[in-house]
Amino acid sequence: MSVSVPDPVPVPSPVTVLVVDDHPVFRAGMATVLADLPDVTVVGEASDGAEAIMAADRLRPTIVLMDLRMPNLNGLEATARITTAHPEIAVLILTMDEDEDSVFAALRVGARGYLLKESDGADVHRALLGVARGEAVFGPRIAERVLAHFATPPAARSALPFPHLTDRERETLDLISRGLDNASIARRLSLSEKTIRNRVSDVLAKLHARSRTEAAALARDAGLGHPRHSA
């Protein structure tokens, strides 16, 4: 008995890419990396979400390589507008943000993949080709967090302190409550200080805390960190 195997989904040749990032040096570097990849052509650049929408409408790339945190219009809003107006255009997120909230927010607005900026050229190439074939593509650490999120039952998540925080945000809050500064937290978690700075800002906003000190006090009251004892 023979078993039919579906033909692989063809990849457009070339895969045309619009690079969106607010840092011109990063855009230039990424364009250089992509120029050396087979079957990939950079057709344009944009420095923020508003420019990305206009460029996507004009150029109709196969894939938009999108940063998240940008001035004027962030990457999430730009992704939502592009994927709504042009469902045939795929968006691949390339960012420093690796918290669960950002990942799932990007997926909800139509992104088909999520990579960290630490990814090398080979990783980006594989991701571009995968997304062009219609696959969902995640970097290794992001994939682990997506799987861990779905592996944790909702009831177990709601029993945790501050259930509205992601696991990574709760981990960061715990370290804040122990008195660690951003540089120390970054070293402990093997992340960049910028990622930690953004994450701390998100944690304070979610807790409605006006300072790290207030956030640390809330964390200790909830049993995180090491409570301070008076002499």
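By convention here, each chain's residues receive numbers from 1 onward along its written sequence. Two thresholds apply to this predicted model, a pLDDT of at least 70 for residue-level local features and 80 or more for giving and counting side-chain atom pairs, whereas whole-chain, interface and lining totals are computed over all residues. Values shown for side chains rest on all heavy atoms present in the structure; no hydrogens or waters enter the calculation.

Here we look at empty space enclosed by the protein
If a probe as big as a water molecule is rolled over the atoms, it shows which places are left empty.
Okay, so step 1: As defined here, a cavity is a set of points on a 1 Å grid over the protein atoms alone where a 1.4 Å probe fits but cannot get out. A pocket is an open set with protein on both sides within 12 Å along at least five of seven lines, and residues line them when an atom is within 4 Å of a point. Grid points are joined across faces, edges and corners, and a volume is the space filled by probe spheres set on the points. Following the criterion strictly, the structure yields two cavities of 30 Å³ or more and no others.
Okay, so step 2: Approximately 60 Å³ is the volume attributed to the largest cavity.
Okay, so step 3: Here the residues of the lining of the largest cavity sort into one nonpolar, two polar and six charged. Amino acid classes used here: Ala, Val, Leu, Ile, Met, Phe, Trp, Tyr, Cys and Pro are nonpolar; Asp, Glu, Lys and Arg are charged; the rest, including Gly, are polar.

Remarks on the pattern of salt bridges
Okay, so step 1: Salt-bridge detection follows one rule: a side-chain nitrogen of Lys or Arg within 4 Å of a carboxyl oxygen of Asp or Glu. Scanning the model with the defined rule gives 13 salt bridges in all.
Okay, so step 2: The partner of Arg-69 in a salt bridge is Asp-202, and the shortest N-O contact between them spans 2.9 Å. In this pair, Arg-69 sits in the loop between strand E3 (63-66) and helix H3 (75-85) while Asp-202 sits in helix H10 (residues 193-207), placing the two residues 133 residues apart along the sequence.
Okay, so step 3: Note on exposure labels: buried denotes an accessible area under 20% of the residue type's maximum, exposed denotes more than 50%, and partly exposed covers the range between, all computed with a 1.4 Å probe on protein chains only. Residue Asp-202 is classed as partly exposed on the basis of its relative accessible area, which comes to 22%.
Okay, so step 4: Glu-171 serves as the salt-bridge partner of Arg-168, at 3.4 Å between the closest nitrogen and oxygen. Secondary structure elements follow DSSP: runs of H or I no shorter than four residues count as helices, runs of E no shorter than two count as strands, and numbering proceeds from the N terminus.

Topic: the sheet that holds strand E5 (residues 113-116)
Okay, so step 1: One open sheet holds the six strands; their spatial order is E2-E1-E3-E4-E5-E6, and the pairing between them is parallel. Unpaired on one side and paired on the other, strand E2 (40-46) and strand E6 (137-138) mark the two borders of the sheet.
Okay, so step 2: We call two strands paired when DSSP finds no fewer than two bridges between them. As paired elements, strand E4 (residues 90-95) and E5 share four bridges and run parallel to each other. Note that in E5 the partner of Ile-93 across the bridge is Tyr-114.
Okay, so step 3: Where H3 meets the sheet, its contacts fall on E3 and E4, and the angle it forms with E3 comes to roughly 170 degrees. Two residues qualify as a contact provided that any one of their heavy atoms is within 4.5 Å of a heavy atom in the partner residue. Every angle, taken between N-to-C directions, lies between 0 and 180 degrees, and every axis is a line fitted to C-alpha atoms, over only the stretch in contact when it is a helix.

Topic: the packing of aromatic side chains
Okay, so step 1: The rule is short: rings of Phe, Tyr and Trp, with Trp giving its six-membered ring, pair when the centres are within 6.5 Å, and they are stacked under 30 degrees, edge-to-face over 60, tilted in between. All told, the structure shown has zero aromatic pairs when counted by the stated rule.
Okay, so step 2: A ring has a charge above it when a Lys NZ or an Arg CZ is no more than 6 Å from the ring centre and no more than 35 degrees off the ring normal. Between the NZ or CZ atom of Lys-117 and the centre of the ring of Phe-26, over which it lies, the distance is 4.3 Å.

Details of unusual backbone geometry
Okay, so step 1: Positive phi, normally seen in glycine, also occurs at Arg-60, with a value near 50 degrees.
Okay, so step 2: Counting through the fold element by element, Arg-60 comes out in the loop between helix H2 (49-59) and E3.

Some words on the pairing of E5
Okay, so step 1: Burial of E5 is two-sided: the residues Gly-113 and Leu-115 facing one way and the residues Tyr-114 and Leu-116 facing the other way are all buried.
Okay, so step 2: Handedness is read with the strands pointing away from the viewer; a crossover is right-handed when the path from the first strand over the helix to the second is clockwise. This β-α-β element, E4 to helix H4 (residues 100-108) to E5, shows right-handed connectivity.
Okay, so step 3: Bridge count for E5 against E6 is two bridges, and the pairing is parallel. Within E6, the residue paired with Tyr-114 across the bridge is Phe-138.
Okay, so step 4: The parallel pair E5 and E6 is bridged by helix H5 (residues 121-132), and the resulting crossover is left-handed.

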